[in-house]
Amino acid sequence: MDIDLTPRLSKKSYGGDGGAYYSWCSEELPMLRAASIGAAKLALEKRGLALPSYSDSAKVAYVLQGSGTCGIVLPEATKEKVLPIKKGDAIALPFGVLTWWFNPNDTELVVLFLGDTSKGHKAGQFTNFPVTGTNGIFTGFSTEFVGRAWDLTEDEAKKLVSSQANSGIVKVKDGQAMPEPSAKDREGMVLNCEEAPLDVDIKNGGCVVVLNTKNLPLVGQVGLGADLVRINGHAMCSPGFSCDSAYQVTYIVRGSGRVQVVGVDGKRVLETHVKGGYLFIVPRFFVVSKIADADGMEWFSIITTPNPVFSHLAGKTSVWKAMSPEVLEASFNTTPEMEKLFRSKRTSDEIFFPPPN
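Thresholds, definitions, all that
- Residues numbered from 1 in each chain as written.
- Predicted model: local features only at pLDDT ≥ 70, side-chain atom pairs only at ≥ 80, totals over all residues.
- Heavy atoms only, no water.
- UniProt positions renumbered as here; feature names shortened; annotations may be inferred.
- Helix = DSSP H or I, 4+ residues; strand = E, 2+ residues; numbered from the N terminus.
- Buried < 20%, exposed > 50% of the residue type's maximum accessible area, 1.4 Å probe, protein only.
- Contact = heavy atoms within 4.5 Å.
- Areas by Shrake-Rupley, 256 points an atom, 1.4 Å probe, with all protein chains shown as cover.
- Lys, Arg positive; Asp, Glu negative; His and termini not counted.
- Charge placed at Lys NZ, Arg CZ, Asp CG, Glu CD.
- Polar contact = N/O pair within 3.5 Å; in protein donor to acceptor, adjacent residues only side chain to side chain.
- Pairing = 2+ DSSP bridges.

The name given to the protein in an unreviewed UniProt entry is Cupin type-1 domain-containing protein, and the organism recorded there is Canna indica. Per UniProt, the protein carries the Subunit (unreviewed entry) text "Hexamer; each subunit is composed of an acidic and a basic chain derived from a single precursor and linked by a disulfide bond." Quoted verbatim from the Sequence similarities (unreviewed entry) heading of the UniProt record, the comment on the protein is "Belongs to the 11S seed storage protein (globulins) family."

Chemist: Quick question: what am I supposed to make of the overall build of the protein here?
Modeler: Within the protein one finds eight helices and 23 strands. Its C-alpha atoms give the protein principal-axis dimensions of roughly 90 × 35 × 35 Å. Evaluated residue by residue, the protein yields a buried proportion of 47% over its 357 residues. Considering only contacts within the protein whose residues lie at least 6 apart along the sequence, 73% involve residues at least 24 apart. Total accessible area on the protein is roughly 17,500 Å²; 51% of this is exposed by carbon and sulfur atoms. Computed over 37 positive and 39 negative side-chain charges, the separation of the two mean positions in the protein equals 2 Å.

Chemist: I keep staring at the environment of Val110 and nothing clicks. Help me out?
Modeler: Mapping Val110 onto the fold places it in strand 10 (residues 109-116). Val110 sits in the buried class, given a relative accessible area of 10%. When the C-alpha atoms of Val110 and Ser182 are compared, they prove to be 20 Å apart, with 72 residues separating the residues in sequence. In this view, Val110 contacts Lys41, Leu42, Ala43, Tyr62, Val63, Leu64 and Gln65; residues no more than four positions away in its chain are not counted.

Chemist: Quick question: what am I supposed to make of the side chain of Asn103 here?
Modeler: Positionally, Asn103 belongs in strand 9 (residues 98-103). Since its relative accessible area comes to 0%, Asn103 is described here as buried. Here the side chain of Asn103 touches Leu44 through a polar contact of 2.9 Å, landing on its backbone oxygen. A polar side-chain atom of Asn103 sits 3.3 Å from the main-chain carbonyl oxygen of Glu45.

Chemist: Help me understand the pairing of strand 20 (residues 279-282), please; the structure alone is not making it clear to me.
Modeler: For a regular strand, side chains alternate in direction, first toward one face of the sheet and then toward the other. Of the two faces of strand 20, the one holding Leu279 and Ile281 and the one holding Phe280 and Val282 are both buried throughout. Of the pairings in the sheet, the one linking strand 18 (residues 248-262) to strand 20 comprises four bridges and is antiparallel in character. The partner of Tyr251 across the bridge, within strand 20, is Leu279.

Pasting the structure below:
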């Protein structure tokens, strides 16, 4: 598999006074097209509103920074859900949901979107369909159709359509009321990865929260799993691979460190240094490992299956620990003493290894 795995930063697609929308393109990150994955970020300034839209792809949204409001209209719903959202929130967005996003606060609200584009118009890229604004579905119809559909006179229809002078993201005027979010609407829609129980917690090593159908059933409809991983300074994440034919899409939230990926025929296909804002994709069955710099590293990943399963090649849960000594000795073409030494290491550590003393 000869494909460029180099991590990339996003680029601005559009924006205005209210904020901006950024995306990763498959021309620069070809694994997006190969894996049929879309990736984008929304950054809203104070009073910024991302106008209502729906997408051709199922997604997981993750709040990287700030707090605000998310409006969600599920298919065939008679009332929208208005969710208060904050840093660390993961939100599953199945096909057909209509969303809007609003930031009432001084701190910038930044939301990451990762999703499956295999059923979309363009592999490796989200296609969003705004329902209002200058490029909205609403303005595409003639005033005759608008008038007939919403029981308006032609003058009323013209006035309504012509009033939409902006697109994508707008800034709401001071004093203009917006819906109040309801904590109850978060139920079954959101999991805060920074507050959820840890699935793995290794002292001086790292911790992980896994997003799956058990703690957020809606991800079953999205068809994606996710996790938030933090490793301490100079700690290592064990070499491992997804053993259920899934791609791993990783966004570095903060910190920095080194990454190596090994693929077919034992070839090292990626060796690089990453920091906050970079995104990369690990192909199916390829083995990936990371070592954090002094300040540690945190990343949010999606896996293209709702209940991912990983195999690790180091640590007490490693496949080597399950294998018989005779096979190890013959496979490595080594002595019984070396096999015993190899097996005796990492008997208590799991998937995160603290820095050496």
